[in-house]
Amino acid sequence: MSGNRPEFGIEGEDYFVLPDFEDNLVLAMIALRNNGAGDGNYVEDGLHLWDPEQGVHRLVAGRFDMVALNGPDHIEPGEGPLQNNNRNNEKDGLNDLLEFFCTGVLWTTLMHPFHHAGVLMQLGFDPFPGEIVRVGLLGSRRLLPGTQHLIGYIHQSDGFFALFRGLKASIAGNVTSYLMEAALVAMGLGTRKLTHTTGTSVKDVSWNLLVRSIRLTLNLVVTQPFTVVLTRQIAQFIGCENVYKTLAQTIFKIFTEEGVAGFYAGFVPRLLRNIGVMGVTTVATALFFHYWPQHCTIQALNEIIVNVSSSYALHPLSVVGTCMDVQGSPLAAAMPSQMPHYEHWTKCFYDIYQGSGFYHRGGVLFWRTVPVKGLHDFMGRPK
């Protein structure tokens, strides 16, 4: 077959030609090599058809790579298989970004009705009386319908598209968050990954905590206005209002009537919650990897469990942030008949904790119980 080879200036048996008559292509089958004794670290960057001096690694039996010598994806002089494969890296990067964007938008859209219902729960809105049940050692509790019932209520009251109030603000916030994260990583604010030699020392964990705190803070600074828009557009359902319409109109209205401060009333509690969840997850993950490296295969599961647990424990700060997002607005959700007026988020935090058991409203979407006494406070109305 050596007589049919193109003149690539290669000596020896570094590759052989395999014609593909169906697609009218000429393919080069190239043996992969590695630099160890069968350790699986196959390298193809050392296999350059045009540079025989690069072929310094040991051949690995049964391992081949295949590249085209003609056609639209053929290699050019000076290129090797790896370089040829990387010719479309930029296109692949754009495709990955587009795929990530479309997937994110689709997921945000599908889950938005649940987010819609969760925001209403955090604001203290619950149109269902529920029923009294006895829950073990907790005694008598009032069992409230889950998110699916509230979603059905919204759909029945205002129609299908009412479930997607605030969707544009949610998507805009997610896109802004993604771009901010990408920019910060490009600026060098990257974390140290967990390996057998890095990521678990006090220095590395401290670095990761610092970097992630900076990234969370800057991220929240740019996304908080979209969160306020989202919350207020959803909160209009409580009073059957239509004050905040489009994304641009809502931003302009809040800015002209309340100034920049109108976007950041709930910023501090939300930041404390996010940093708290991040801190607990980062430290717990590093400790788990350090002391039980043999169980690294379940590292992702460990992170999920710690993240969910810490998120639930710090959920009251999310409730405070949501309540503060509507403060100063003309909505019924912020009126004394529905919610007291809070000049500072600490007042809101204290007031919510006074209603024992009600600071976790919206923390669990499908199984919700509250103490029987004080249900009036749970509805968000002052004593």
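Along each chain, residue indices are assigned from 1 in the same order as the chain's sequence is written. With the structure being a predicted model, the display of local features is reserved for residues of pLDDT at least 70 and the display and counting of side-chain atom pairs for 80 or more, all residues being used for whole-chain, interface and lining totals. Values shown for side chains rest on all heavy atoms present in the structure; no hydrogens or waters enter the calculation.

*Asks:* So what exactly am I meant to see when it comes to the environment of Arg-368 here?
*Replies:* Relative to the helices and strands, Arg-368 is located in strand S7 (residues 368-371). Think of it in three bands: residues with accessible area under 20% of the maximum for their type are buried, residues over 50% are exposed, and the middle band is partly exposed, with areas taken using a 1.4 Å probe on protein chains only. Relative accessible area serves as the criterion here: at 8%, Arg-368 is assigned to the buried category. A sequence separation of 225 residues divides Arg-368 from Leu-143, and the C-alpha atoms of the two residues are 6.0 Å apart. Secondary structure elements follow DSSP: runs of H or I no shorter than four residues count as helices, runs of E no shorter than two count as strands, and numbering proceeds from the N terminus.

*Asks:* Looking at this structure, I do not really get a nonpolar patch on the surface. What am I missing?
*Replies:* A patch consists of residues whose relative accessible area exceeds 30% and which take part in no salt bridge; residues with like charges are grouped when within 9 Å of each other, and nonpolar side chains (Val, Leu, Ile, Met, Phe, Trp, Tyr) when within 5 Å. Using a 1.4 Å probe, accessible areas were evaluated by the Shrake-Rupley method; residue-level cover was limited to the displayed protein chains. In the sections that follow, a salt bridge refers to a side-chain nitrogen of Lys or Arg positioned within 4 Å of a carboxyl oxygen of Asp or Glu. A grouping of Leu-106, Trp-107, Leu-110 and Met-111 is seen on the molecular surface, where their side chains present a nonpolar patch of about 440 Å² in accessible area. By the secondary structure assignment, Trp-107 is in helix H2 (residues 89-122).

*Asks:* Is there a simple way to explain the confidence of the model for the protein chain in this structure?
*Replies:* Low pLDDT marks regions whose predicted coordinates should not be analysed in detail. The predicted model of the protein chain averages 76 in pLDDT, with 68% of residues at 70 or higher. On a range of 0 to 100, pLDDT expresses the predictor's confidence in each residue. What makes two residues a contact is simply this: any of their non-hydrogen atoms within 4.5 Å. Low pLDDT (under 50) marks residues 1-13, which in the prediction has 19 contacts with non-local residues, meaning those over four places away or in another chain.

*Asks:* Whenever I open this one, the environment of Leu-143 confuses me. Can you help?
*Replies:* Checked against the element boundaries, Leu-143 lands in strand S6 (residues 140-144). Relative accessible area serves as the criterion here: at 17%, Leu-143 is assigned to the buried category.

*Asks:* Where do I start with the nonpolar core in this structure?
*Replies:* Note on soluble globular proteins: their nonpolar side chains tend to be buried together. In this text, buried Ala, Val, Leu, Ile, Met, Phe, Trp, Tyr and Cys residues form a nonpolar core when linked through side-chain atoms within 4.5 Å. Grouped together as the largest cluster of nonpolar side chains are 36 residues, with contacts concentrated most on Leu-120, Leu-123, Leu-150, Ile-154 and Cys-348. Taken together, the elements giving at least two residues each to this core come down to H2, helix H3 (147-158), helix H5 (202-239), helix H9 (315-325) and helix H10 (345-354). No other element matches the 7 residues that H5 contributes to this core. Leu-120 has contacts with Phe-125, Leu-150, Ile-154, Ile-234, Ala-235, Phe-237 and Ile-238, leaving out every residue within four places of it along the chain.

*Asks:* Please clarify how the pairing of S6 should be interpreted in this entry.
*Replies:* Every regular strand shows the same layout, with side chains that alternate between the two sheet faces. S6 sits mainly inside the fold: 4 of its 5 residues count as buried. Any two strands with at least two DSSP bridges between them are considered paired. In the sheet, strand S5 (residues 131-134) pairs with S6 via 4 bridges, with the strands oriented antiparallel. Bridging from a neighbouring strand, Ile-132 pairs with Arg-142 of S6.

*Asks:* What should I look at first to understand the packing of aromatic side chains in this one?
*Replies:* The way to describe two aromatic rings as a pair is by their centre distance and the angle between their planes. To pair, rings of Phe, Tyr and Trp, with the six-membered ring standing in for Trp, must have centres within 6.5 Å; the planes then decide the type, stacked if under 30 degrees apart, edge-to-face if over 60, and tilted in the middle. Summed over all chains, the structure comprises 8 aromatic pairs. The rings of Phe-125, Tyr-153 and Phe-237 are connected pair by pair, giving a single aromatic cluster.

*Asks:* Explanation requested: helix H4 (residues 167-186) in the structure shown.
*Replies:* Side chains three or four residues apart in an α-helix point the same way, a direct result of the helix having 3.6 residues per turn. If you check H4, its first and last C-alpha atoms are 29 Å apart, about what 20 residues at 1.5 Å a residue would give, namely 28 Å. Buried within H4 are the following residues: Leu-167, Ala-169, Ser-170, Ile-171, Ala-172, Gly-173 and Leu-184. Looking one or two residues past H4, Gly-188 carries a phi angle of roughly 105 degrees, positive in sign. Here the expected span of a helix is defined as 1.5 Å times the quantity of residues minus one.

*Asks:* Teacher, can you tell me more about the state of the cysteines here?
*Replies:* When the sulfur atoms of two cysteines share a covalent bond, that bond is a disulfide. Two cysteine sulfur atoms make up a disulfide if the distance between them is within 2.5 Å. Using the criterion set out here, one finds 0 disulfides in the structure. You can see Cys-323 has no disulfide; the closest cysteine sulfur is in Cys-348, sitting 4.5 Å from it.

*Asks:* Would you explain the pattern of salt bridges in this entry?
*Replies:* If charged atoms from side chains of opposite charge come close, those side chains can pair. Overall, the coordinates contain 6 salt bridges when judged by the stated rule. Salt-bridge contacts for Arg-215 lead to Glu-181; the nearest nitrogen and oxygen are separated by 2.7 Å. One end of the pair, Arg-215, is in helix H5; the other, Glu-181, is in helix H4, and 34 residues separate them in sequence. Since its relative accessible area comes to 15%, Arg-215 is described here as buried. Measuring nitrogen to oxygen at the nearest pair gives 2.8 Å for the salt bridge that ties Arg-192 to Asp-204. Here the residue Arg-192 occupies a position in the loop between H4 and H5, and Asp-204 occupies one in helix H5, the gap between them amounting to 12 residues. Residue classification places Asp-204 among the buried positions, given a relative accessible area of 9%.

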